[in-house]
Amino acid sequence: MSIAVVGSGIAGLYAALCAAEQHTPVLLVSKSALQHSSTWHAQGGIAAVMESSSGDTPASHCEDTLSAGAWTGNRAAATALCREAGAHIRRLQKLGTTFDANPDGSPALAREAAHTARRILHIGGDATGAGIAAALIAAVRPHPRITILENAFAVRVVLTGGSVSGLEVLTEGRGQRLAVDAVVLATGGAGELYRHTTNPAGSTGDGIALARRAGAATRDEEFFQFHPTALAVPGTPLISEAVRGEGAVLRDSRGGRFMTGYHRDAELAPRDVVSRSIVRHLAATGEGTGEGAGEDTGEDTVWLDATGVARRRGPGFLASRFPGLAEVTAAHGFDWERELLPVVPAAHYWMGGVATDLSGRTSVPGLYAAGEAACTGVHGANRLASNSLLEGLVFGARAAAACTAPDAGRTWDAGTPAGLWAGIRRVPEAAGTPCSGTASSPSSQHALEAPSGTQPFGRTALQSLMWEKAGVLRSAAGLREAAGVLDGALPVLPGREGHIRALEDANLLTCARLVVGAALRRSVSIGAHFRTDAPQGVPGRPAAPAIHRPGTIPLPEFA
């Protein structure tokens, strides 16, 4: 038994380590250096209820997770996430991860939006992801059962008889086929779909596109979270949720604090609520466009005011609590102890992805997924702050356990009605899924081929289209316009030196079709999916997750 883990964020690193500890040879594939992951850039922290957490419980964490997700999440997944958190945090500590502590040695816990307690562990104030990733990288590099392949781009999951038998990768312009018994996709999200994103440039939906081409099911693709506070400068660096957790507030151009008029929790409301409130407030006051997140005119910003925190906690507190953010803001010419920061919502996390059970199994035997690339339903329609790193740990470990178990070849258990997959035609190499839901033809060209008569479509044009028509606010008219463009689009194919970017663009195009198609099908607004022409979902009533297979019309939704 041998496995390939694709991706070097927390889910990939931890899955590789856990699988190797089960005496399984592991090939860890990263399309760049191991440090170049979304995990490395994660700031705020990791949510977990530890034994020392006074008055807090995993059950309370679970309820917060489900509430933030508009009660659409998978309760079994959320329960597993929160109950197993402590054990994995202790494991990280044994691997050398050192979380920030109070003077008495107790964990320095922060609070973030939609949490009812202070349960966020952090490292270096605002360098949690880098701290965890560094410890995991130090553990996997010397491991005798882990072979690391950096600067390798995964282009195809090889299937034999409908099951995984290998992985094709591109290294230094040359392709090679790796014979493995299982593949774990842990490639992260697709923030590069949008004009503004907090994600690193490598977040191009590679794993989700790989899974679709292998015939795997995906789900909940319409649920894309926009973080409300990205600094409105080139690159839109994230201003951590924890800053608002310490008391920073949002203001409009007139200096008014407006979130109190939109939600009882104001700035600590769930991320989808805050982002949507920003866009709607700007539209109501005539300062923004109100569609998507607005044109890139510089007018669609609000202001994050942390000056009150500095006055209350004393000079230097912001720099000591958030050293990385202090450096970022200063580099862009802001003194956030004395002046307000311009912020804008930005694409941050994709709740949808490759449909998996709670052990990471997809609908394709031998293919697993974990982390942001996967969708267990744990986040529902909107992710609770600081649950992403935790998700990578919990479900990365579960995927590793499943694919190294004696019965690893068995099919997934998603709790679906008996026979749901019966009779569904597999399309092993779907070239992409048109937004209309019509069947797509098999292809071996990694989604770079398109029907005759289509038009070249570059990444910048795709990002603008998605930002304006499938962003924070959406409408049927805008989504149909986007669908029409995407159905007739194909990536621009550059010269050989740009081949990897062309492959990434192809993957982004596949992901864009998934988002837009799902957003059109979900005619009720809920969580991060908000249609200006659709009614709000009923609070407390779960929305049925939509699971879709490549090359078929959408499957019936089920509760």
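Throughout this description, residue numbers start from 1 for each chain and increase along the sequence as written. Confidence filtering applies because this is a predicted model: local features only for residues at pLDDT of at least 70, side-chain atom pairs given and counted only at 80 or more, and all residues used for totals across whole chains, interfaces and linings. Just so you know, side-chain values use all the structure's heavy atoms and leave hydrogens and water out.

Turning to the side chain of Thr72, a few remarks are in order. Summarising the element assignment, Thr72 is placed in the loop between helix H3 (58-68) and helix H4 (75-83). Any N or O atom pair separated by 3.5 Å or less is treated as a polar contact, with the protein-specific requirement of one donor-capable and one acceptor-capable atom, and with residues adjacent in sequence counted only for side-chain atom pairs. A distance of 2.7 Å separates a polar atom in the side chain of Thr72 from the backbone oxygen of Gly69. Polar contacts involving the side chain of Thr72 include one to the main-chain amide nitrogen of Ala381, which spans 2.7 Å. Secondary structure is summarised from DSSP: a helix means a run of H or I of at least four residues, a strand means a run of E of at least two, and numbering begins at the N terminus for each.

For two strands to be treated as a pair, DSSP must find no fewer than two bridges joining them. Spatially, E11-E14-E13-E12 is the arrangement adopted by the 4 strands of the open sheet, whose pairing is antiparallel. A single partner strand is all that each edge strand has here, and the edge strands are strand E11 (224-231) and strand E12 (249-251). For this sheet, the mean angle separating the axes of adjacent strands, direction not counted, is 45°. Note that E12 and strand E13 (residues 302-305) share 3 bridges and pair antiparallel. In the strand pairing of E13, Leu250 is matched with Leu304. Note on method: axes are straight lines fitted to C-alpha atoms, helices fitted across the in-contact stretch only, with angles between N-to-C directions ranging 0 to 180 degrees.

Let us look at the state of the cysteines. Cysteine sulfurs are considered disulfide-paired once they come within 2.5 Å of each other. Tallying each qualifying case throughout the model produces 0 disulfides. Summary of cysteine pairing: Cys82 is not part of a disulfide, and the nearest cysteine sulfur, belonging to Cys62, is at 5.0 Å.

What the 3 strands build is an open sheet, ordered E6-E7-E8; its pairing is antiparallel. Every other strand in the sheet has two partners, leaving strand E6 (152-160) and strand E8 (174-179) as the edge strands with one partner each. Put simply, the sheet's adjacent strands are angled 25° from each other on average, direction ignored. In this structure, E6 lies alongside strand E7 (residues 163-171), joined through 8 bridges in antiparallel fashion. Bridge assignment links Ala154 to a residue of E7, and that residue is Val169. A contact between two residues is defined here by any heavy atoms of the two lying within 4.5 Å. Packed onto the sheet, helix H16 (residues 499-521) meets E6 and E7 and runs at close to 55° relative to E6.

Turning to the packing of aromatic side chains, a few remarks are in order. Each pair of aromatic rings taken from Phe, Tyr and Trp, with Trp reduced to its six-membered ring, is defined by centres within 6.5 Å and is described as stacked if the planes are under 30 degrees apart, edge-to-face if over 60, and tilted in the remaining cases. Summed over all chains, the structure comprises 8 aromatic pairs. Ring centres 6.1 Å apart and planes at 40° place the aromatic pair Phe224 and Phe226 in the tilted group. Both residues of the pair, Phe224 and Phe226, count as buried. On the basis of an interplanar angle of 20° and a centroid distance of 5.5 Å, the ring pair of Phe224 and Trp350 is categorised as stacked. Of this pair, Phe224 sits in strand E11 while Trp350 sits in strand E14 (residues 341-350); the two residues are 126 residues apart in sequence, bridging distant segments of the chain. Note on classification: 1.4 Å probe, protein chains only; a residue is buried when its accessible area is under 20% of the maximum for its type, exposed when over 50%, partly exposed between these limits.

The next thing to look at is the nonpolar core. In terms of nonpolar packing, the biggest core is built from 55 residues, with Leu167, Val183, Leu193, Tyr194, Leu367, Met466 and Leu486 touching the most fellow members. Setting aside its immediate chain neighbours within four residues, Leu193 contacts Phe224, Leu462, Gln463, Met466, Leu508, Cys511, Ala512 and Val515. Counting 52 residues, the second largest nonpolar core, distinct from the first, contains Cys18, Ile46, Ile132 and Ala370. We call a set of buried Ala, Val, Leu, Ile, Met, Phe, Trp, Tyr and Cys residues a nonpolar core when their side-chain atoms join them within 4.5 Å.

Quick look at the pattern of salt bridges now. The term salt bridge refers to a pairing of a side-chain nitrogen on Lys or Arg with a carboxyl oxygen on Asp or Glu at a separation within 4 Å. Evaluation of the coordinates by the stated rule reveals 31 salt bridges. Put simply, Arg141 and Glu150 hold a salt bridge, and the shortest N to O gap is 3.3 Å. The partner of Glu267 in a salt bridge is Arg257, and the shortest N-O contact between them spans 2.6 Å. Taken together, the positions of Glu267 in the loop between E12 and helix H9 (271-284) and Arg257 in the loop between E12 and H9 put the pair 10 residues apart, joining distant regions of the chain. Assessed through its relative accessible area of 3%, Glu267 is described here as buried.

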